[in-house]
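One-letter residues, chain by chain:
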Amino acid sequence: MNAIVRYLRRSPFAAGLADLRERVVNAADYRRLRDDVDRSVASMAFTRELPAPQASAPTVLVLSMTNNTYGAKQECMLALALRRRGWRVKVLTSSIYTHAQRLYQAFGIDDFLAFEKLVNVKDTREAAAAEARRCSDMPMEFQSVMEWRYRDAWIGPQLLSSVSRRGFDGAPDPRKPEIRNAIIEQLKESVGFVHAAEKCLSEQRPSLIIVNEPNYHTLGPFVDVAINMGIPTIHFIQPSRDDALVHKRLTRETRRIHPNSITRETLERLLKEPWGAQQEVELDEEFSKRYGGVWKIQARNQPGTVDVTRAEIRQELGLDGKPVAVLFSHVLWDANLFYGKDIFENYGDWFAQTVKAAAANPRMNWLIKLHPANIWKRKLSGASGEYGEVRLIRESVGDLPDHVKLLPADTRFSTLSLFRMADAGITVRGSIGYELPCFGVPVLTAGTGRYSGFGFTEDHSSRESYLDALGRLENVHRLDPEKVHVARVHAHALFVRRPWVYKSFRTEIGPNVRDPLFQNLVPLVGADDDIQKNGDLDAFADWAEAYEQIDYLAPHSGAS
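Quick notes on the rules
- Residues numbered from 1 in each chain as written.
- Predicted model: local features only at pLDDT ≥ 70, side-chain atom pairs only at ≥ 80, totals over all residues.
- Heavy atoms only, no water.
- Helix = DSSP H or I, 4+ residues; strand = E, 2+ residues; numbered from the N terminus.
- Buried < 20%, exposed > 50% of the residue type's maximum accessible area, 1.4 Å probe, protein only.
- Pairing = 2+ DSSP bridges.
- Polar contact = N/O pair within 3.5 Å; in protein donor to acceptor, adjacent residues only side chain to side chain.
- Contact = heavy atoms within 4.5 Å.
- 1 Å grid on protein atoms, 1.4 Å probe; cavity = no way out; pocket = protein on both sides within 12 Å on 5 of 7 lines; lining within 4 Å.
- Points joined across faces, edges and corners; volume = space filled by probe spheres on them.
- Nonpolar A, V, L, I, M, F, W, Y, C, P; charged D, E, K, R; others polar.
- Phe/Tyr/Trp six-rings, centres within 6.5 Å; stacked < 30°, edge-to-face > 60°.
- Lys NZ or Arg CZ within 6 Å of the ring centre and 35° of its normal.

This part takes up unusual backbone geometry. Positive phi, close to 55 degrees, is recorded for Arg151, a residue that is not glycine. Relative to the assigned elements, Arg151 resides in the loop between β4 (149–150) and β5 (153–154). Judged by its relative accessible area of 52%, Arg151 is exposed. Positioned with a positive phi, Arg205 is a non-glycine residue whose angle comes to about 45 degrees. In this fold, Arg205 is placed in the loop between α10 (177–204) and β6 (208–211).

Right under this line is the structure:
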């Protein structure tokens, strides 16, 4: 470990590589990780007996910057689906990620590209220094930095996101010297990653790329360069259920669209398909599972919550009979800067301006709901002290008036309870924008996103129109049945049709997010025949090889 530390400290991209460092664990944790690798070696022995790919076989390159057990095994699972079809698998990873490499090897994957060898190049260092000097003289407002590009990579959001996450700050001001310096130092790393991506992809020329984190400053340039080179790229994430992944093919058109989404064309096609009681029940069941603790990966966002009635919420919070608007705040310092265009400077500015507008409109009751993910993300990141949202409220409003109530991240009210009692919802581009309309509740958005223009949200293209709407929100009306239907068909697609449900593996989730095996992927198969019978990996491979399909969609369930 000392050698790793010495390398990271002397690297020209030290901070970037530090993001990739192995989590330091105690001896007991190390033994548990080692034992888990041993179990993987034993249980996945049959995968190492698969035929070697032919010389002419296509190559899938996994962009893997994780030493996390769960993340590495998810990548192994998807790579296995293609290995069974004769694909060659290569993995771009860090040479210090020995734990992840042992897991890949357990799955019969041992062709690794060392990330460090790509970035520590003299010409790259010189280019990084030159770009840093050039950008030091450019405007440094938040939105100006957002637009920064270097060659084929849009690096601005990646720079701001990194600075925001490191400082747990939802409103970093690039005009401040310390923020400016952090951005410039981060810029040098990003330039290096762009050059590394160009070199790597030009030499490897993979037929397909699989990536879980395509936006942050380490892998973002690789994805941008790949798309520019015409290399098919698949982005996968985990939805709100434990047994599934969501896949989206990234193109120039979909690069900045949230992966858990559908295209307008797909929505229009789904609206023409049969819809009946079965689909209505399926959607209602998904809402119950999502917010009822069935899925552990989502339950961590609902710790200790219970369903309560509208009357109970009003009584407990001391609300009068006026309509209720709920501001669903994002995790400001973990803000999603990659999907859409904001009408405010940043998420912190949006939050502060929205709270000010709420305070100025006493004709509504306003609930400010802090995102529950704050709890486990702060714990995982080691954050402590005052919430950024509380600081922003104090600085922008001061003491909240009686008609504005703050719901902490650990509120006991379930999100589903708020859905059922709200008269209006407010977000930038969060998931509540497509969930609340399913209950007939109108939602105001303050930025473009995955469902913009689909007809069931009130989208605003300027802060003036948005703030004006908040000032007269007491006149809001519930959505008409046609809009509710569109919203429900859309949500059904995201909750029921978009997830690729895996059967050959099982996700296990523990209670402690600091546990290195907090999440794990356990095989339920002992032979390739078992995988073939399940059909799950073949379903993914079929879609992955059908390059014209943007979104993975499960077959239609039929109407009743």
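Bringing the pairing of strand β8 (residues 244–250) into the picture now. Of all the 7 residues making up β8, 7 are buried; the element is thus mostly covered by neighbouring parts of the structure. A two-sided burial pattern is seen for β8, the buried positions comprising Ala244, Val246, Lys248 and Leu250 on one face and Leu245, His247 and Arg249 on the other. A loop of 6 residues connects strand β7 (residues 233–237) with β8, the two strands running antiparallel in sequence.

In this section: the side chain of Arg497. Structurally, Arg497 is set in helix α22 (residues 481–497). You can call Arg497 buried: its relative accessible area is 7%. At a separation of 3.4 Å, a polar atom in the side chain of Arg497 contacts the side chain of Glu273. Contacts of Arg497, omitting those with residues within four sequence positions, involve Leu270, Glu273, His492, Tyr552, Leu553, Ala554, Pro555 and His556.

Now for the sheet that holds strand β14 (residues 458–459). Ordered in space as β11-β10-β9-β12-β13-β14, the 6 strands form an open sheet in which the pairing is parallel. Among the strands making up the open sheet, the edge pair consists of β11 (404–407) and β14. Note that strand β9 (residues 324–328) and strand β10 (residues 365–369) share 5 bridges and pair parallel. Looking at the pairing, Val324 lines up with Asn365 of β10.

Turning to empty space enclosed by the protein, a few remarks are in order. On inspection of all chains with the given rule, the structure shows 4 cavities of 30 Å³ or more. When its volume is computed, the largest cavity comes out at roughly 70 Å³. What lines the largest cavity is Leu270, Glu273, Pro274, Trp275, Gln279, Val489, His492, Ala493, Arg497 and His556. When residues of the lining of the largest cavity are assigned to their parent elements, the largest contribution, 4 residues, is made by α22. In terms of residue class, the lining of the largest cavity is made up of 5 nonpolar, 3 polar and 2 charged.

Within the structure shown, the criterion is met by 21 aromatic pairs. Pairing Trp543 with Tyr552 gives two aromatic rings, centres 6.3 Å apart and planes at 85 degrees, and the pair type is edge-to-face. Of the residues examined, Trp543 reaches a relative accessible area of 3% and is grouped as buried. Judged by its relative accessible area of 9%, Tyr552 is buried. An aromatic cluster of three or more residues is present, and its members are Phe287, Tyr291, Phe328, Phe419, Tyr434, Phe439, Tyr451, Phe454, Phe456 and Phe495. For the cation-ring pair, Arg249 lies above Trp543, with the distance from its terminal atom to the ring centre recorded as 4.4 Å.

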